[in-house]
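So you can see what is in the structure, the chains are spelled out below.
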Amino acid sequence: VSPDEEGICSGKYFTEAGLVGLLEQAAASFSMAGMYEAVNEVYKVLIPIHEANRDAKKLSTIHGKLQEAFSKIVHQDGKRMFGTYFRVGFYGTKFGDLDEQEFVYKEPAITKLAEISHRLEGFYGERFGEDVLEVIKDSNPVDKCKLDPNKAYIQITYVEPYFDTYEMKDRITYFDKNYNLRRFMYCTPFTLDGRAHGDLHEQFKRKTILTTSHAFPYIKTRINVIHKEEIILTPIEVAIEDMQKKTQELAFATHQDPADPKMLQMVLQGSVGTTVNQGPLEVAQVFLGEIPNDPKLFRHHNKLRLCFKDFTKR
């Protein structure tokens, strides 16, 4: 890194050997993290350097490691675990600048909600006092007017990476869907009378989409949320989403290689079992029993019919 106009160096000067050493360390770190696609990107920088130096030995080593990395991509795709994400909101004047701030935390793979909740509860409980800290158990919007001003509140919610439809055209592989993540989503079921869950015809869903200031993976394991968007789904839209999800599960179970009969059996039981409450049969009876009176629902009604057509094909 070159010095600025005042001669102050903002980084380090690297010799070629130093730069090569750093890149080799980066490649090794990416390999340990199971991010083999990133290993390839690092070696794209290193290979021209060794080619210019006519260093056949180093090139041989690199191409061997690349072969190993691509082999692991082929055999481990879908089995790698890159991380679990949670939204953490802080509420209360005791948090100072953190009050009403929200963050997305990246945790090790398969971290349960109870684990991160216990850790943060212990950390902030020790800081403020266990009787002062309170964890909000639901994912509903927090009304500060209803909170005790003498207490500190934390709200923790499991979130998943969120992609628009157009993004999914480029995010094809498992790695694509777990790299360069800036948007996350969580869903909150609700009914108009205040209950979380109700019958099919009264079940609404709130989808909250969060945008972070930087993309994961990042040098920090928590990044602040800079934008929040809410989408309300009506009961028939909730039913459409559920049917699309069941159809995708069926498609995945029937196209697994090698075939997994146990997985298929579980998906079938959850899809067409007559004992399943609020399953496809009940969805059809509630929403497709008759044509809706409201013209605004015609589009959703037809879309749900098409979902059932696709579902029966699967």
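Predicted model, so just to flag it, every value in this text is computed and none were measured.

### Quick word on the environment of Ile156
Here Ile156 shows up in strand E4 (residues 152-161). Residue Ile156 is classed as buried on the basis of its relative accessible area of 7%. Expressed as a C-alpha distance, the spacing of Ile156 and Phe90, which sit 66 residues apart in the sequence, is 9.1 Å. If near-sequence neighbours (up to four positions away) are discounted, Ile156 is found in contact with Phe86, Arg87, Val88, Leu113, Ile116, Ser117, Leu120 and Ile136.

### Topic: unusual backbone geometry
Following Phe216, the chain continues to Pro217 via a peptide bond in cis, the omega torsion being -5°. Considering the arrangement of structural elements, one finds Pro217 in the loop between strand E6 (204-216) and strand E7 (222-233). One non-glycine residue, Arg54, lies in the positive phi region at around 55°. For Arg54, a relative accessible area of 69% translates into the label exposed. Backbone geometry places Glu100, a non-glycine residue, at a positive phi of 65°. In this fold, Glu100 is placed in the loop between strand E1 (84-91) and strand E2 (102-107).

### Digging into the environment of Phe252
Within the secondary structure, Phe252 sits in helix H5 (residues 235-254). Judged by relative accessible area, which is 53%, Phe252 ranks as exposed.

### Focus on the packing of aromatic side chains
Given two aromatic rings, their pairing is described by the distance between the two centres and the angle made by the two planes. A complete count under the given rule lists 16 aromatic pairs for this structure. A ring pair is formed by Phe86 and Tyr158, whose centres lie 5.9 Å apart and whose planes are at 70°; its orientation type is edge-to-face. Of this pair, Phe86 sits in strand E1 while Tyr158 sits in strand E4, and the two are 72 residues apart along the sequence. You can call Tyr158 partly exposed: its relative accessible area is 41%. Ring geometry for Phe184 versus Phe216: centroids 5.9 Å apart, planes at 80°, classification edge-to-face. Pair noted here: Phe184 is in strand E5 (residues 181-190) and Phe216 is in strand E6, with a separation of 32 residues, a long-range link. In this structure, Phe184 and Phe216 share a single accessibility class: buried. One aromatic cluster in this structure is built from Phe90, Phe95, Phe103, Phe123, Tyr124 and Phe128. The residue whose ring lies beneath Arg206 is Phe190, and the NZ or CZ to ring-centre distance is 4.7 Å. Here Arg222 stacks its cationic end above the ring of Phe103, 4.1 Å away from the centre of that ring.

Definitions and cut-offs
- Residues numbered from 1 in each chain as written.
- Predicted model: local features only at pLDDT ≥ 70, side-chain atom pairs only at ≥ 80, totals over all residues.
- Heavy atoms only, no water.
- Helix = DSSP H or I, 4+ residues; strand = E, 2+ residues; numbered from the N terminus.
- Buried < 20%, exposed > 50% of the residue type's maximum accessible area, 1.4 Å probe, protein only.
- Contact = heavy atoms within 4.5 Å.
- Phe/Tyr/Trp six-rings, centres within 6.5 Å; stacked < 30°, edge-to-face > 60°.
- Lys NZ or Arg CZ within 6 Å of the ring centre and 35° of its normal.

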